[in-house]
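# Observations on the model geometry
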Amino acid sequence: MPARKISKLLVANRGEIACRVFRTAERMGIRTCAVFTEHDEGAPHAEREAMQIGDYLDIEQVLAAALKLQADAIHPGYGFLAENPAFAEACEGEGIVFLGPTASTMRAIGDKSEARKTVIALGVPTSEGLGPFTSVEEIEAAARSLGPPLMLKAAAGGGGKGMKRIEHLEGIRDLIESAQRETNAAFGDSRMIVERYIHPARHVEVQIMGDGARCIALGERECSLQRRHQKIIEESPSPAVSKELRQRLMAAAIKIGELTGYRSAGTVEFLLDSEGGFYFLEVNARLQVEHPVTELITGLDLVQMQIEVAGGVSLPKQEDIRFRGHAIEARLNAEDPYAEFLPSSGRVLRLQWPEGVDGIRIDTGIGATVSSRYDSLLAKLIAHAEDREAARKKLVDALKATVLLGLNTNQGFLVDLLESPEFVSGRFSTSTIDNMDIVTPPTPDAAIAAACALLRGPTHGGSFPWNSVGSWELA
Amino acid sequence: MKYLTPEGLAELPAFANLRTDVDAEGVSVCDTVTGDVTRFAYAFSGTTLWLGANGRTYKFGWPEEGLEAGENAARAPMTGRVVAIPVAVGDTVSRGDTLAVLEAMKMEYRLEAQADGTVVEIGASVGDLVDLGHLLVRLS
């Protein structure tokens, strides 16, 4: 599709990422429009020209909305239709610019099994693996032939959906079936690949940006701190990556991107082993959740670059890319870290962000209620400072100044994680959180005293049983 | 969630050194010995009181029926959809066996038996949307 200047952009997504894309578009003077479902009525991303649809995954409905709203471009955000080649094709078929890689690139590298073949051919190391397979029997046979420990992954996947670690062969069928249900629900595709599990490992990824021929690399992101295979703290640069390793990782990522004619923003994920070796994991053919840390240290706006690349503006030169300081992102999630990170839902009763703090960026799109229907990410707090320790302290202060009441969140756990000896020292791996003994912190006397003070007086509208009970008043 | 009952509250220390000051925006708790002041934001919803200070959230509530300690049952730990209940009434199960699988936010959560037992009650069917605390499987 020829280069096109965009005049009206639809974001086929919700929450913080939709709001974040709108912010850049509006700054660039591009008109914006949105889609929303019945569960997102009145949500911040829909506070503009918008149309209701039944499901963010419904290609026909999203396209019909785009045509009705006269959008000439669609940004897919992440998740939902972001890596769906049929959607990218359908957009271009209607003459709408799809802000992401082409459908053929997505097929070649967005699909983990295809990506593996491409990368092996380039001579970039990958971990041993088999697949893709669709039947439970084939997947089980592959797992038995490689032997545990293994990782079971969705061929079409991302975001931890459908990903399971196999420690032993006992009960493997249940795990396979569960993984396939998850991947089917998330991507409408149940193909799985089986990979040897590298341990201990760090998860490091390289941000790339391509124009369909040339690619540049915008440094790496350290994403090892994960729970349930989903990242919760990311930073750039990685404390585990030397200058020399960075050059090698970026060169490999550029090679992979250029071979596939990569257009727009993408991420090449690697695992680092404890001996300094690295292995290609997968390409995420989309703008990722954690892209802000890259933006803060490069001073670039990746959404703006996506829009510019689509409009035929040439990419900056690799040698003009500069890295400044250190950035750390914390994902504030609707989940209970003290109950195996189970997602929570509820009404947002109070919400207060730290205001006017230099070097703190907050990407959010929280509505009045948080439903269990969508991803648990509520907001991202990102700190930027001259060095890692200063950024860490700034992020801790920002989290401490944030108030979010009405549902369980991981806010306190994020503070604990950022203050843990593992994070402070920079020595951690993808299993650090799994190996932590996470216990509910004790409730301090001051909190109990505050609760008692509130429950004593007629200052609240709550229907507490205490009101009718009588003689329990404290001194 | 910390459960405050009238009996439980009566047994708490009186916090002689803590002075509280409530206003519309929050509660200030001053430790008169150390001089430390903690400022809590608060919000009520039904029978739950939420407090927040220094990045931490505290939840106070009234113990609900059926959530008493020691119950040998699987209850929905969040609002979600029932994906599987691989047991039937009369089955004997061992600690660690899967009693139910729930899906929320596109992720599956496996609920395991906390102790050995016999299934005496199934409280939901596959496909049901259940609320937090909903009984899924009760063991003897």
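The following refers to the structure shown. Computed from a predicted structure; not experimentally measured. (Residues numbered from 1 in each chain as written. Chains lettered and ligands numbered in written order. Predicted model: local features only at pLDDT ≥ 70, side-chain atom pairs only at ≥ 80, totals over all residues. Heavy atoms only, no water.)

The next point concerns helix H12 (residues 411–418) of chain A. When you tally the buried positions in H12(A), you get 7 out of 8 residues, the bulk of the element. Listing the buried residues of H12(A) in full gives Gln411(A), Gly412(A), Phe413(A), Leu414(A), Val415(A), Leu417(A) and Leu418(A). (Buried < 20%, exposed > 50% of the residue type's maximum accessible area, 1.4 Å probe, protein only. Helix = DSSP H or I, 4+ residues; strand = E, 2+ residues; numbered from the N terminus.)

What follows covers the packing of helix H5 (residues 112–122) of chain A against helix H8 (residues 243–259) of chain A. Residues and elements named next belong to chain A. Relative to each other, H5 and H8 sit at 115°, their axes nearing to 10 Å. Of the two possible hands of crossing, H5 and H8 adopt the one that is right-handed. Counted together, Thr118, Val119 and Leu122 of H5 and Lys255, Ile256 and Leu259 of H8 form the full contact between these two elements. Here the residues of the contact of H5 with H8 are counted per class, giving 4 nonpolar, 1 polar and 1 charged. (Axes fitted to C-alpha atoms, helices over the stretch in contact; angles between N-to-C directions. Left-handed = near helix turned anticlockwise from the far one by under 90°. Contact = heavy atoms within 4.5 Å. Nonpolar A, V, L, I, M, F, W, Y, C, P; charged D, E, K, R; others polar.)

Right, let's get into the pairing of strand E14 (residues 278–284) of chain A. All names here are of chain A. The buried fraction of E14 amounts to 6 of the 7 residues, a majority that puts the element mostly inside the structure. With 6 bridges connecting them, strand E13 (residues 263–273) and E14 associate as antiparallel partners. Its bridge partner being in E14, Phe270 is matched across the sheet by Phe280. (Pairing = 2+ DSSP bridges.)

A few words now on the side chain of Asp301(A). Residues and elements named next belong to chain A. Assignment of secondary structure puts Asp301 in the loop between helix H9 (291–298) and helix H10 (302–310). Asp301 gets classed as buried once you look at its relative accessible area, which sits at 16%. Here the side chain of Asp301 touches Arg27 through a polar contact of 2.7 Å, side chain to side chain. Only 3.0 Å separates the side chain of Asp301 from the backbone nitrogen of Gln304, close enough to count as a polar contact. With near-sequence residues (within four places) excluded, Asp301 lies in contact with Arg20, Thr24, Arg27 and Glu295. (Polar contact = N/O pair within 3.5 Å; in protein donor to acceptor, adjacent residues only side chain to side chain.)

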